[in-house]
Amino acid sequence: MSQPEVLHQEFELGFTYTRSTGPVVGRFLTELKQRNIVGIKASDGRVVVPPMEYDPDTAEALSEFVDVGQEGEIVSFAWVKEPREAHPFDKPFAWAMIRLDGADVPMIHCVAAEREDQVSTGARVRARWADETKGFITDIRCFELV
Amino acid sequence: MREIAIVGYQQSDCVSDAGAQNEVELIIPVVGRVFEQVGITNAQDVDFVCSGSCDYLQGAAFAFVLGVDALGAVPPIKESHVEMDAAWALYESILKIRMGHADSALVYGFGKSSPGELPIVLSQQLDPYYLATQWVDTVSLAAMQARLMLDKGLITERDMAEVVSRSRRNALNNPRAQLKGDISADDVLAEETYLSPLRKGDICPVSDGASAMIICTVEQAKAWGKPYAVISGIDHRIETHNMGMRDLTDSVSTRAAAERAGMGNGKVDVAELYAPFSHQEIILTRALGLGDDTSVNPSGGVLAGNLMMASGLSRIGEVFDRIVAGEAQRGIAHATSGPCLQHNLVTVLEAA
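Bear in mind that the values here come from a model prediction, so they are computed numbers and not experimental data.

1. Examining helix α11 (residues 311-324) of chain B
Residue and element names in this part refer to chain B. The terminal C-alpha atoms of α11, which comprises 14 residues, lie 20 Å apart, in line with the 20 Å expected from a rise of 1.5 Å per residue. Within α11, 14 of the 14 residues are buried, which leaves it mostly tucked inside the rest of the structure. At the exit of α11 stands G326, carrying a positive phi of roughly 80°.

Okay, structure coming up:
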């Protein structure tokens, strides 16, 4: 018996709606569009980047924004030898936790590097901006080793 | 409070690709076997049904509703669902019984992860503005967690390899495991890194399958006349979704859940921990304070096969199996959800 042809249909998996990003996330993304990075002060005074709307320990609404640097230090990283199609690079790169100057809490972003041995915990990195900024986290194209 | 017992548990084999079998076809055999184990015939014979699954795996909203086809849609039943591992469906069912709204419940979880690119699918459950948009995969997040531990000297790569070796060897006795073998830590370390610092062995495989459990009041368990184990405690705690604000080298939420579930009220003979990455088993073992007198992951754990949305329930089932077999008097099962052990549930089981 011959196999019937398998039915198939194009389908894009994703968020099919838009929503307001609000006063905290929205402020951060708007600042990114202007090539500036802001954090927010948590209840205990720690500067959190990207900013959170509420303090995870006290549930207090947060509102005190702080400008932070565009350079920082790698707190941890993962070296991606085999990038996936959705990843920001089609050649090996690192995902990293990066503590920006003036921030206390690391953020997660990608780091461009040629080889794994160039990347290390404690290494200094600097944000490289996308050619066109749109108010997305990906306005930071990547971080580069300083 | 009403004492609650587990009376039946069944799991499918963990397979890397279930092929043309759909989710309903994965669920039907395990549900059928668990009915048989308890001596009942269908979902009409329990008061409540709750399932755990993830629509993101199927890539369609409300895909979980199709799972109910495995039970027979007519006549109507009291049914619920959690978009979580079925360990949380068990939690909901326990609340239902404790409130007196049911005396028995069927709990099942299922996942067919093979059709998609699981680490990327799971990236879409992260913070939608800061992380999902970057498509940062969950294996990379775990790799960063492992490096934090390595950098701080809390573990070595050999410690991680020993977890993998023990999992593969324990899984030799688990007919449902996907990865098994007489593999030493040296064998694991001989592999090159895949997503540094992780080797492929440090990462749980992608698996398809389902598991099912029946729980009830102790009175109902006695009426059914089947061997049972008592659930003496269950609790779950969650940490912030901002990974930068968590201590990723510890699991404070697991420890808090274990305390509230009453783990410390007796000896722990066996512990089944949902650790999808080798270093996470070490984090959990330490957070729970488990010593040499506890057998950890005798099934091989999820490094030997990881049924998304069912493996947490299966951890509880594995402990149940050992208690009714008389191999253990008391044990704990842990389930996790979210990246890098964000959300954790601990169940304490005791012999009847």
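Next comes the rest of the write-up.
2. Looking at the pairing of strand β2 (residues 48-52) of chain B
Residue and element names in this part refer to chain B. Burial runs high along β2: 5 of the 5 residues are buried. In β2, alternate side chains face the same way, and those of F48, C50 and G52 on one face and V49 and S51 on the other are all buried. In this structure, β2 lies alongside strand β4 (residues 104-112), joined through 5 bridges in parallel fashion. What sits directly across from S51, in β4, is Y108. The sheet contact formed by β2 and strand β3 (residues 79-82) spans 4 bridges and is parallel. In the sheet register, V49 faces β3, and the bridge partner there is E79.

3. Remarks on the interface of chain B and chain A
Contacts between the two partners involve 26 residues from chain B, matched on the other side by 32 residues from chain A. Every element with two or more residues in the side of chain B that touches chain A is listed here: α5 (138-151) and β5 (195-196) of chain B. For the side of chain B that touches chain A, the leading source of residues is α5(B), giving 6 residues. Broken down by class, the residue content of the side of chain B that touches chain A amounts to 14 nonpolar, 8 polar and 4 charged. The sheet contact formed by strand β4 (residues 71-80) of chain A and β5(B) spans 2 bridges and is antiparallel.

Each value, and the rule that gives it
Residues numbered from 1 in each chain as written. Chains lettered and ligands numbered in written order. Predicted model: local features only at pLDDT ≥ 70, side-chain atom pairs only at ≥ 80, totals over all residues. Helix = DSSP H or I, 4+ residues; strand = E, 2+ residues; numbered from the N terminus. Expected span 1.5 Å × (residues − 1). Buried ≥ 20, exposed ≤ 12 C-beta atoms within 10 Å, placed from the backbone. Pairing = 2+ DSSP bridges. Contact = placed C-beta atoms within 7 Å. Nonpolar A, V, L, I, M, F, W, Y, C, P; charged D, E, K, R; others polar.

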